Each structure stands twice: as structure tokens, then as C-alpha cells.
Amino acid sequence: MLENEIKNFISNEKGRISVAVKNLKTGETIKINENEVFPSASTIKLVIMSELLKNVKEGRLKLKDTVEITKEDITGGDGIIKELNLNHKFTLEELMTLMIIISDNTATNILINLLGIDKINAMAESLNMKNTKLQRKMMDLEAAKEGKENKTTAEDLANILELIYTGKNISEEYSLMMLNILKRQQVKGRLDLYLPEEVTIAHKTGDLDKLEHDVGIVFLKDSDYIICVLTKDTDTNKDGREIIGKISKMVYDEFNI
């Protein structure tokens, strides 16, 4: 039985591990520590994307609206914008895409400033993400020292992914847009680590020190499925990526029939 196989694997691994899986054809679910709260790392960017597209749908913003990058906008960590010359103009659609497919922190913080933390958290609530909260911008080490950590659960992330998959996040049109962006993910080596290269995954990763997450939708010929694996307190980040990759392979082998 797949759930027991995953539980046995987890029992022999160091660190905290949370798993939420749903076969979107049969409805079969596997939930292990699914409501344990983890630092969200970059998985919170799924909520930011949703709030941006809600504003677009309601006419407050346009995807073609542009933002000029200033020195004050530059944020460390993941991303490409910080490596470019200043005063480039990016559309909101480009910033959203960079936030997701390469986890660009500068793009993310620009969008947080634009949308507002309270509105993003209200979006999380509306998406049935009961334990997900944005409390600080990316790379805000001072806020992190004060204990302001962004947080989420595997259950919450599975919820938002299912809403995207079924076309119920904002609207069918914007759900499809989100799905297509997630399929273009360039941060690899977690859910996809041991899967065949031709397998399509729409996913979002996240990492901090000794913390690795990857949450996504795997598309198979006969049955698509959601898989969210969160890890923390491993000896190394490589260990976390290996754990995600091995659990992902177990699920793939079970559902790819």
C-alpha cells in the first residue's frame, strides 16, 4: 500500500516531512502530517500570483502595466532581475512569470508592495488555505529575526493546486494561465528528480536553510495527480531534495499504470 510505503520511508529519514497527494482521476488521497505548519519559503508565491490575477480580473490592474526597476527594488536570493542593469521596465505579467518559474525575489517583493500583505492573506483565506500566512517580504532577515515567518501546510498547498487544476482559482481563464506558467518551472531537482524527463509537472519549489519543498501537479496519460512534499530540519538541503524525489517516484510508480 502506497501510504504505508511512504510512512515507512519517512520513519527512517531525519527531519520533519509532510505529504499530501491526490489522484485527480480516482480521488484517492494520501495525507501524512498534512496540517503541520512549515515555513512556506517560495511556495507562498502561489498565493501572490492568485491575488495579482484577481486584481487583473476585477480591472484594478492590467497584465501589460509596467514597473521600472530601481535600486530600492533589488532583493537578494533567487532571481535574475538583481543581475540586470537598473531602469529596465517589466510588465506585471513578466514579474509574475519570473516570480514563479525562477522564483525571482525582486519580482516577488515588487508584487507584494503593489498588492499589500493584508490582501494577499485575505486571498489565502478565500482559497481555503487555513494555515497559510504571508508575514514578511522575501529576504527580510530583520523580520525573520523577529519571528515573522511566512507559513503554510501541505494540505493548504494541495487545496490551491486543485483549485488551479479545476479552473476554480479566480476563473477558468486565469487558472489556465497559472497552470501554464507552473508548467514552465525552471527550478528542478525535487519532484522531477527521479521521474522520466518527458513527464510534465506544473509545480513550485521553495527552499531555506535545511528546508526544501516542492508542490505540483503531475500529468500522466491516464491520471493526473497533485503531490506536495514539505521538508525541514534535514542535515542538508540535498537530503531534503532527495526525500522529495524519492517520495515523488513512489507516487509516480503507483499511479503511472
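Whatever comes next refers back to the structure up there.
Here we summarise the structure given alongside this text. (Residues numbered from 1 in each chain as written. Predicted model: local features only at pLDDT ≥ 70, side-chain atom pairs only at ≥ 80, totals over all residues. Heavy atoms only, no water.)

Things to note about the overall build of the chain
- Regarding its fold elements, the chain presents nine helices and nine strands.
- For 257 residues, the compact-globule estimate of 2.2 N^0.38 gives 18 Å, and the C-alpha radius of gyration of the chain, at 18 Å, lies within 12% of that figure.
- Dimensions of the chain, computed from the C-alpha atoms along their principal axes, are close to 55 × 40 × 35 Å.
- Per-residue burial for the chain yields a buried fraction of 53% across its 257 residues.
- Nonlocal contacts in the chain, meaning residues at least 24 apart in sequence, comprise 64% of its contacts between residues at least 6 apart.
- Accessible surface for the chain amounts to roughly 11800 Å². Of this, 45% is attributable to carbon and sulfur atoms.
- Put simply, the chain has 36 plus and 43 minus side-chain charges, and the middle of one group is 3 Å from the middle of the other. (Helix = DSSP H or I, 4+ residues; strand = E, 2+ residues; numbered from the N terminus. Rg over C-alpha atoms; globule rule 2.2 N^0.38 Å. Buried < 20%, exposed > 50% of the residue type's maximum accessible area, 1.4 Å probe, protein only. Contact = heavy atoms within 4.5 Å. Areas by Shrake-Rupley, 256 points an atom, 1.4 Å probe, with all protein chains shown as cover. Lys, Arg positive; Asp, Glu negative; His and termini not counted. Charge placed at Lys NZ, Arg CZ, Asp CG, Glu CD.)

Some remarks on the packing of aromatic side chains
- If you walk through the whole model with that rule in mind, you get two aromatic pairs.
- Ring plane angle 65° and centroid distance 5.2 Å describe the contact between Tyr225 and Phe255, whose orientation is recorded as edge-to-face. Taken together, the residues span a long stretch of sequence, with Tyr225 in strand 9 (residues 225-232) and Phe255 in helix 9 (residues 237-255) at a distance of 30 residues. The same class applies to Tyr225 and to Phe255, which are both buried.
- Positioned over the ring face of Phe219 is Lys183, at 4.5 Å from the centre of the ring.
- In this structure, Lys232 packs its charged tip against the face of Phe38, placed 4.9 Å from the ring centre. (Phe/Tyr/Trp six-rings, centres within 6.5 Å; stacked < 30°, edge-to-face > 60°. Lys NZ or Arg CZ within 6 Å of the ring centre and 35° of its normal.)

Describing the pattern of salt bridges
- By the definition in use, this model includes 17 salt bridges.
- For Arg60, the salt bridge goes to Glu58, with nearest N and O atoms at 2.4 Å.
- The exposure class of Glu58 is partly exposed, given its relative accessible area of 43%.
- Among the charged side chains, a salt-bridge network with shared partners connects Arg190, Asp207, Glu212 and Arg241. (Salt bridge = Lys/Arg side-chain N within 4 Å of Asp/Glu carboxyl O.)

Points about the nonpolar core
- Judged by nonpolar contacts, the single largest core of 54 residues is most densely connected at Met49, Leu53, Leu95, Met96, Leu111, Leu182 and Cys228.
- For this core, the secondary structure elements donating two or more residues are helix 2 (45-57), helix 3 (92-101), helix 4 (105-115), helix 5 (117-126), helix 7 (154-165), helix 8 (172-182), strand 8 (211-219) and strand 9.
- Counting residues in hydrophobic clusters, the runner-up holds 25 residues, among them Val19, Val199, Ile201 and Tyr252. (Core = buried A, V, L, I, M, F, W, Y, C linked by side-chain atoms within 4.5 Å.)

Examining the environment of Lys183
- Looking at the secondary structure, you find Lys183 in the loop between helix 8 and strand 7 (200-208).
- Judged by relative accessible area, Lys183 falls into the partly exposed class, the value being 35%.
- Each C-alpha atom, one on Lys183 and one on Glu5, is 28 Å from the other, the two residues being 178 residues apart in sequence.
- Here Lys183 is in contact with Thr200, Ile201, Ala202 and Phe219, once residues within four sequence places are set aside.

Notes on the pairing of strand 8
- In terms of burial, strand 8 is largely enclosed, as nine of its nine residues are buried.
- Judged by which residues are buried, strand 8 turns out to be covered on both faces: Leu211, His213, Val215, Ile217 and Phe219 on one side and Glu212, Asp214, Gly216 and Val218 on the other are all buried.
- Note: strand 7 against strand 8, nine bridges, orientation antiparallel. Bridge pairing links Gly206 to His213 in strand 8. (Pairing = 2+ DSSP bridges.)

Details of unusual backbone geometry
- Of note in the backbone geometry, Ser103 takes a positive phi value of approximately 60° without being a glycine.
- Look at Ile170: it is not a glycine, yet its phi comes out positive at around 70°.
- Take Ile170: it is sitting in the loop between helix 7 and helix 8.
- Residue classification places Ile170 among the partly exposed residues on the basis of a relative accessible area of 22%.

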